[in-house]
Amino acid sequence: MMGAARLAFLLSTAALAAAFAFEEKWLWLIALSANTAFGIVANRREWVPGWFLLQLALSAVSDIPALLALAATTSGLAYWDLAAHHRLVQSAEHIFNSEALIGSHYRSLALALAGGSLFGVIALGVPLRLNFVAAVLLALLAVAGIAGLADTARSASS
Amino acid sequence: MKRAGFLTFLILALLAAGLALRDGGIVALSLPLITYLAIGLLQFPRSPRLDAYAHLSQSSATEGSIVGVSVRVRNPGPALSHLQIRDSVPAGLSIIQGARAALGSLAEGGSHEIMYAVRSTRGLYNFKGVEITASDPLTLFHRAFHHPIPRSLLVRPNLRRLRHVQLQPFRTGVHPGLYRARRGGPGVEFHGVRPFMAGDARRRINWKASARHGDSLFINEFEQERAVEIGIILDARSRSNVVAAGRSSFSSSVQAAASLSAFFLAQANRVGLMLYGSHLDWTVPGYGRVQRERIMRVLAKARVGHSRIFDRMKYLPTRLFPPQSQLIFISPVLREDVGFLRILRARRYPILVVSPDRISAEAEVLKGESDLDLAVRLARLEQSLITRSLTQAGIQRVVWDIAQPLEQAIEMQVGRPRRWLRAVGARNR
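Residues numbered from 1 in each chain as written. Chains lettered and ligands numbered in written order. Predicted model: local features only at pLDDT ≥ 70, side-chain atom pairs only at ≥ 80, totals over all residues.

1. Observations concerning the overall build of chain A
Applied cut-off: Segments assigned H or I by DSSP are reported as helices when at least four residues long, segments assigned E as strands when at least two residues long, and all are numbered from the N terminus. Each residue is classified by how many other C-beta atoms fall within 10 Å of its C-beta atom, where C-beta atoms are placed from the backbone; a count of 20 or more means buried, 12 or fewer means exposed, and values in between mean partly exposed. What counts as a contact is two residues whose backbone-derived C-beta atoms lie within 7 Å of each other.
Per the secondary structure count, chain A includes 6 helices and 1 strand. Moving toward the C terminus, one meets the helices and strands of chain A in the order α-α-α-α-β-α-α. Along the first, second and third principal axes, the C-alpha set of chain A runs to 55 × 40 × 25 Å. Residues counted as buried form 33% of the 158 residues belonging to chain A. In chain A, the share of contacts with a sequence separation of at least 24, taken over all contacts with a separation of at least 6, comes to 67%.

2. Side note on the overall build of chain B
For clarity, the cut-off: Only the C-alpha atoms count toward the radius of gyration. The rule for a globule is 2.2 Å times the residue count to the power 0.38.
The secondary structure content of chain B amounts to 10 helices and 21 strands. Its C-alpha atoms give chain B a radius of gyration of 34 Å, more than 25% over the compact-globule value 22 Å for 429 residues. A principal-axis box enclosing the C-alpha atoms of chain B has dimensions of 135 × 65 × 40 Å. Within chain B, the proportion of its 429 residues that are buried is 37%. Taking as baseline every contact in chain B between residues at least 6 positions apart, the subset at least 24 positions apart corresponds to 71%.

3. Regarding the pairing of strand β4 (residues 80-87) of chain B
Residues and elements named next belong to chain B. Defined as follows: Strands were regarded as paired on the criterion that DSSP finds at least two bridges between them.
Most of β4 is tucked away: 6 of the 8 residues are buried. Note that β4 and strand β6 (residues 101-106) share 5 bridges and pair antiparallel. Along β6, the bridge assignment pairs Leu 83 with Gly 104. In this structure, β4 lies alongside strand β9 (residues 130-135), joined through 6 bridges in antiparallel fashion. When the bridges of β9 are listed, Leu 83 appears paired with Ala 134.

4. Quick word on the sheet that holds strand β10 (residues 142-147) of chain B
Note the cut-off: Angles shown run from 0 to 180 degrees and are taken between the N-to-C directions of axes, each axis being a line fitted to C-alpha atoms and, for helices, limited to the stretch in contact.
The strand order across the open sheet formed by 5 strands is β1(A)-β6(B)-β4(B)-β9(B)-β10(B), and the pairing between neighbours is mixed. In this open sheet, the two strands that pair with only one neighbour each are β1 (95-96) of chain A together with β10 of chain B. Strand contacts of helix α5 (residues 98-125) of chain A: β1 of chain A together with β4 and β6 of chain B, with the helix running at about 65 degrees to β6(B), the strand carrying the most contacts.

5. What about helix α1 (residues 2-20) of chain B?
Residue and element names in this part refer to chain B. To be explicit about the condition: Helix span, expected: 1.5 Å multiplied by one less than the number of residues in the helix. To be clear, the arc concerns the directions from the helix axis to the C-beta atoms.
When the terminal C-alpha atoms of α1 are compared, their 27 Å separation across 19 residues agrees well with the 27 Å that a helix rising 1.5 Å per residue should span. Considered for burial, the residues of α1 that qualify are Ala 4, Leu 7, Thr 8, Leu 10, Ile 11, Leu 14, Leu 15, Gly 18 and Leu 19. The arc that holds the buried residues of α1, viewed along the axis, is 160 degrees, so those residues lie on one side. Of the exposed residues in α1, the ones pointing more than 90 degrees away from its buried face are Lys 2 and Ala 20. Phi turns positive one or two residues past the end of α1, at Arg 22, with a value near 50 degrees.

6. Let's talk about the interface of chain B and chain A
So the rule is basically this: For this scheme, ten residues count as nonpolar: Ala, Val, Leu, Ile, Met, Phe, Trp, Tyr, Cys and Pro. Four count as charged, namely Asp, Glu, Lys and Arg, and the remainder, Gly too, count as polar.
Taken together, the contact pairs 47 residues of chain B with 52 residues of chain A. Among the secondary structure elements, those contributing two or more residues to the side of chain B that touches chain A are α1, α2 (24-42), β4, β6, β7 (111-119) and β10 of chain B. The element contributing the most residues to the side of chain B that touches chain A is α2(B), with 13 residues. Its residues assigned to classes, the side of chain B that touches chain A comprises 30 nonpolar, 12 polar and 5 charged. In this sheet, β6(B) lies alongside β1(A) in parallel orientation, the contact comprising 2 bridges. Residue Ile95(A) lies in a different strand from β6(B), and its bridge partner there is Leu103(B).

7. Things to note about the nonpolar core
Nonpolar side chains tend to gather and get buried jointly when the protein is soluble and globular. We apply this condition: One nonpolar core equals one set of buried Ala, Val, Leu, Ile, Met, Phe, Trp, Tyr and Cys residues connected by C-beta atoms within 7 Å.
Ranked by internal contacts, the top residues of the largest apolar core, which has 58 residues, are Ile232(B), Leu234(B), Ala257(B), Leu299(B), Ile328(B), Ile330(B) and Ile351(B). When residues in this core are grouped by element, the largest group, 10 residues, is from helix α4 (residues 249-266) of chain B. For Leu234(B), the contacting residues outside a window of four places in its chain are Ser253(B), Ala257(B), Leu273(B), Leu275(B), Ala302(B) and Ile330(B). Ala15(A), Trp28(A), Leu113(A) and Ile39(B) belong to the second largest nonpolar core, which has 53 residues in total.

8. Concerning the sheet that holds strand β14 (residues 229-235) of chain B
Residue and element names in this part refer to chain B. Ordered in space as β18-β17-β14-β19-β20-β21, the 6 strands form an open sheet in which the pairing is mixed. With partners counted over all chains shown, the strands left at the sheet margins are β18 (280-286) and β21 (396-400), one partner each. Within the sheet, the average angular offset between the axes of one strand and its neighbour, ignoring direction, is 15 degrees. Pairing geometry for β14 and strand β19 (residues 326-330), over 5 bridges, is parallel. Following the sheet pairing, Ile 232 is matched in β19 by Ile 328. Across the sheet, helix α8 (residues 372-392) is in contact with β20 (351-356) and β21; its angle to β21 comes to roughly 155 degrees. Sheet strands in contact with helix α9 (residues 406-414) are β20 and β21, and its direction is about 145 degrees off that of β21.

9. As for the confidence of the model for chain A
Heads up, the condition is: pLDDT is a per-residue confidence score from the predictor, ranging from 0 to 100.
Across chain A, the average pLDDT comes to 84, with 95% of residues at 70 or higher. Per-element confidence in chain A is highest for α5(A), whose mean pLDDT is 92, and lowest for helix α6 (residues 132-157) of chain A, whose mean pLDDT is 74.

What follows is the structure, given as structure tokens:
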């Protein structure tokens with residue numbers, strides 16, 4: 001499991017590094033190196049969410065090719081998930097039906113990554129011009145949708 | 001929910017940034033996260049049905065013994081891809097083998113059993129139940145179930161096997177026992193002779209005495225042996241107990257109380273128990289195995305405590321004990337307790353005091369301190385003064401060094417001398 005997580009970490013870093021090198025954004029590359037170093041430490045100290053947040057910020061605000069940013073985000077998400085799952089499995093006193101447990105997790109993660117990448121690529125390929133009012137309306141709709149999703153999840157968990 | 005919350009925060013941040021900067025690329029970055037969150041929610045088990053059963057290999061054990069615990073979880077509902085099972089283990093029990101928690105997945109109709117073994121210290125332990133958490137495969141959303149499966153484990157103190165305890169009861173009961181009643185009747189020890197009466201067994205005729213008195217017959221009478229009423233009083237005051245080298249002198253007192261009550265009940269005596277410390281716990285005197293179990297249950301739960309009322313022995317409600325019944329105090333005996341014990345003896349209660357020796361225990365704690373030898377000598381001097389004062393009042397006292405077995409101390413101080421010692425006329429007091 002940790003091998004797959006390391007691979008996801010490398011993919012995420014490589015995608016961003018390639019994007020910065022391609023765009024000749026050397027200062028951003030230095031920032032990425034710092035975040036990569038932080039990521040190596042983060043894995044040992046359970047700071048992976050912090051690394052993922054910074055990686056996402058680097059992808060979002062550095063004005064790099066959108067496809068590479070999407071690849072970095074997707075693989076970063078995979079690393080965040082796999083690291084958390086690895087920690088959960090490691091801390092368990094006893095594991096039963098481990099093949100089914102890990103298999104179902106991998107299947108769900110693969111589905112989420114594939115679906116997310118596909119939707120992302122489709123979204124990047126769709127030209128959409130919005131005026132300010134339409135953008136605000138869409139934003140409100142998105143916030144309401146996310147809030148509804150979170151609320152459903154909370155009621156399901158309680 | 002922690003991970004789901006973090007993800008929701010990231011999605012909202014990306015959406016906000018994308019709209020603020022009017023950059024579709026940033027909004028597109030949120031789509032993998034939204035898909036991930038949605039898949040977690042879609043695969044979250046809506047209405048899982050789980051049955052849990054648990055049992056202990058024994059509900060009653062002795063101190064230090066190993067007890068097995070098993071928990072079985074069955075899934076009659078749809079398959080659950082991520083399941084956490086955790087049994088609550090009460091504080092005081094240490095797991096020595098196996099695991100009390102497990103992580104895995106359960107197919108439809110499947111079951112899993114977790115087994116572990118605990119080592120027990122004295123006490124009454126109530127297991128609260130089993131916690132089961134079902135999650136989606138991405139562990140974003142959780143649903144927790146608590147299955148209250150009541151189980152209790154009573155860990156009794158270890159008993160020491162006593163051979164003989166010499167008591168001098170003033171009064172005996174009506175039931176047959178092992179203590180001389182100072183009355184003629186059926187028994188073993190010779191008591192005297194009396195004139196023959198109709199119905200007396202002919203084999204009991206004392207022919208020599210009958211020959212001396214001419215025309216009347218005399219028969220041998222034996223001393224009746226009866227059970228006695230015994231009240232065991234256990235001192236649970238925190239100020240009279242010390243903890244040394246990880247062992248409390250109170251644990252030794254509990255062990256002594258348990259061993260003595262088991263010993264006297266096995267001899268068909270009527271035994272009651274009074275525990276005084278933070279409160280008064282009174283077990284009404286009784287006979288037999290049920291009474292033994294009752295006393296063991298109280299002793300298993302016994303803890304030291306402090307109370308203003310029971311801080312001094314003089315407030316002990318001695319009227320609960322029948323007049324002249326045998327009292328056994330298990331207490332280190334503080335200086336101020338002596339007066340009360342003497343008063344009790346003056347009220348014609350025969351008393352035996354078993355004192356765990358706290359001086360050795362305290363000296364063990366203070367090892368290396370300067371003037372320790374002098375302090376130990378002074379404390380021993382005080383102890384011997386207490387013993388002398390009690391002995392002068394007619395109270396038996398056994399000072400028991402808790403490093404030694406209880407039976408050895410009892411045998412040496414109030415036991416019956418060994419046969420070979422009696423043969424040479426030696427006494428072991």
